[in-house]
Amino acid sequence: MKMTRIEARLDAESVSEEDIKNAKELIHKWQNPPEEEYPTWLPQTIEYSVRCAQQATAFALMDSVTRISVDLPLGRTRKDGLKWSTLEQCLHESSVLAPHYCQAFKGASIRLILAAEPLGRSVEWLQSLQTLDEAAQNPSSDEFDIVIIASATRGDDEKVSKIVTECSRDTAIVLFNCFLDANLGEVSPSEQFTPVYICRRYEGGAVLLLGHGRQWDCFAELSIFEFEHVSRTSPEWRPSSQNLKTALQADGITFDPLTRYYNSNLDLKSAGFWPFMIICFSEVLPLDESILPEPKPKPTKKRFGFF
């Protein structure tokens, strides 16, 4: 099997058979974790969600998946208070998040394509940062290891298809928060892409997929932004508003058309609140604990409070 461009960057002589065996075992564990290791909560910050998406993407690439779909949780921003954001706002914020997601591929040759409003500034370590219109004029990506297309909508399907068609199979492509105005895989060419990390909200509920080939977690919204974990479906299941309603109601909870929330007497597990979409760190997104500041030592507690 031909290696992907990213895999080819590894020095073959430095990768032992033991390394390959360990990597395969890691992928198998990722795809077949023990039941208790499955998440039954929603990501509580967008930074955590980005980390999960990066990790899920890495495992997919290790498993030779080169057509990848990633959806981060959308729709809630600090400036809107107790309201869901418009699609336009979500797409703009997706363009802000995309470079942070790309940090996982530093060292590779990256082509980032933004369909929504551009950042308005350059990112020095990105080899190519373009608008979708610019990229559609020159769709060839032979010189890049990975192509990330962010914030595309239904109306952009022809431009996205043109870019995807021009990419060889050994160039990885990620649809990052694309076609949010359609069901998953509904718009060409997204049906060719493997869902790898998906966190989508639908009316009254949400779904979470944490890794390709894994089961989908289904959540019900019981009050504003508050979700409960209800059930889990097969990896072959595909989310839509109707499919999610069917799955939730099959577990004995009912949807109230007046409140637009679910009612339940079941002992459900709290999944937490829907996270704010906008990043907390406007310039730098910490990618691992090693670059965070050392915690300050706690002061010694005085026995009587005065000596």
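Below you will find a few notes about this structure. (Residues numbered from 1 in each chain as written. Predicted model: local features only at pLDDT ≥ 70, side-chain atom pairs only at ≥ 80, totals over all residues. Heavy atoms only, no water.)

**Here we look at the pairing of strand E1 (residues 67-71)**
Here is step 1 of the chain: Among the five residues in E1, five count as buried, and that is most of the element.
Here is step 2 of the chain: The alternating pattern of E1 places Arg67, Ser69 and Asp71 on one face and Ile68 and Val70 on the opposite face, and all of these are buried.
Here is step 3 of the chain: Pairing geometry for E1 and strand E6 (residues 194-202), over four bridges, is parallel. Counted as the bridge partner of Ser69 is Pro195 from E6. (Buried < 20%, exposed > 50% of the residue type's maximum accessible area, 1.4 Å probe, protein only. Helix = DSSP H or I, 4+ residues; strand = E, 2+ residues; numbered from the N terminus. Pairing = 2+ DSSP bridges.)

**Looking at the packing of helix H3 (residues 46-62) against helix H4 (residues 87-102)**
Here is step 1 of the chain: Two elements in contact, H3 and H4, have axes whose closest approach is 10 Å; the angle formed by their N-to-C orientations is 50 degrees. In terms of their interaxial angle, H3 and H4 are classed as oblique. Considering the relative orientation of H3 and H4, their crossing is right-handed. Only Leu97, His100 and Tyr101 of H4 make contact with H3, whose side of the interface consists of Ile46, Val50, Ala53, Gln54 and Thr57.
Here is step 2 of the chain: Considering only residue class, the contact of H3 with H4 consists of five nonpolar, three polar and no charged. (Axes fitted to C-alpha atoms, helices over the stretch in contact; angles between N-to-C directions. Parallel < 35°, antiparallel > 145°, perpendicular 65-115°, else oblique. Left-handed = near helix turned anticlockwise from the far one by under 90°. Contact = heavy atoms within 4.5 Å. Nonpolar A, V, L, I, M, F, W, Y, C, P; charged D, E, K, R; others polar.)

**Re the packing of helix H2 (residues 17-31) against H3**
Here is step 1 of the chain: Between H2 and H3, whose axes approach to 10 Å, the crossing angle comes to 125 degrees. Relative to H3, the element H2 lies oblique. As H2 packs across H3, the resulting crossing turns out to be left-handed. Contacts between H2 and H3 involve Ala23, Leu26, Ile27 and Trp30 from the former and Gln55, Ala56, Phe59 and Met62 from the latter.
Here is step 2 of the chain: Classifying every residue of the contact of H2 with H3 gives seven nonpolar, one polar and no charged.

**Points about helix H6 (residues 157-166)**
Here is step 1 of the chain: Three or more residues of H6 are buried, namely Val160, Ser161, Ile163 and Val164. All buried residues of H6 project into a common sector of 165 degrees when viewed along the axis, lining one side. Turned more than 90 degrees away from the buried face of H6 sit Glu158 and Thr165, all of them exposed.
Here is step 2 of the chain: Elements that come into contact with the buried residues of H6 comprise E1, strand E2 (110-114), helix H5 (132-137), strand E4 (146-150) and strand E5 (172-176). (Arc of directions from axis to C-beta.)

**A few points about the packing of aromatic side chains**
Here is step 1 of the chain: For the structure on display, the rule yields seven aromatic pairs.
Here is step 2 of the chain: Ring plane angle 40 degrees and centroid distance 5.3 Å describe the contact between Phe227 and Trp274, whose orientation is recorded as tilted. In this pair, Phe227 sits in strand E9 (residues 226-233) while Trp274 sits in the segment after strand E12 (269-273), placing the two residues 47 residues apart along the sequence.
Here is step 3 of the chain: Take Trp274: its relative accessible area is 1%, and that puts it in the buried class.
Here is step 4 of the chain: Connected via pairs of aromatic rings, a cluster forms that spans Trp84, Phe225, Phe227 and Trp274.
Here is step 5 of the chain: A cation over an aromatic ring shows up here: Lys245 above the ring of Phe255, its NZ or CZ 4.8 Å from the ring centre. (Phe/Tyr/Trp six-rings, centres within 6.5 Å; stacked < 30°, edge-to-face > 60°. Lys NZ or Arg CZ within 6 Å of the ring centre and 35° of its normal.)

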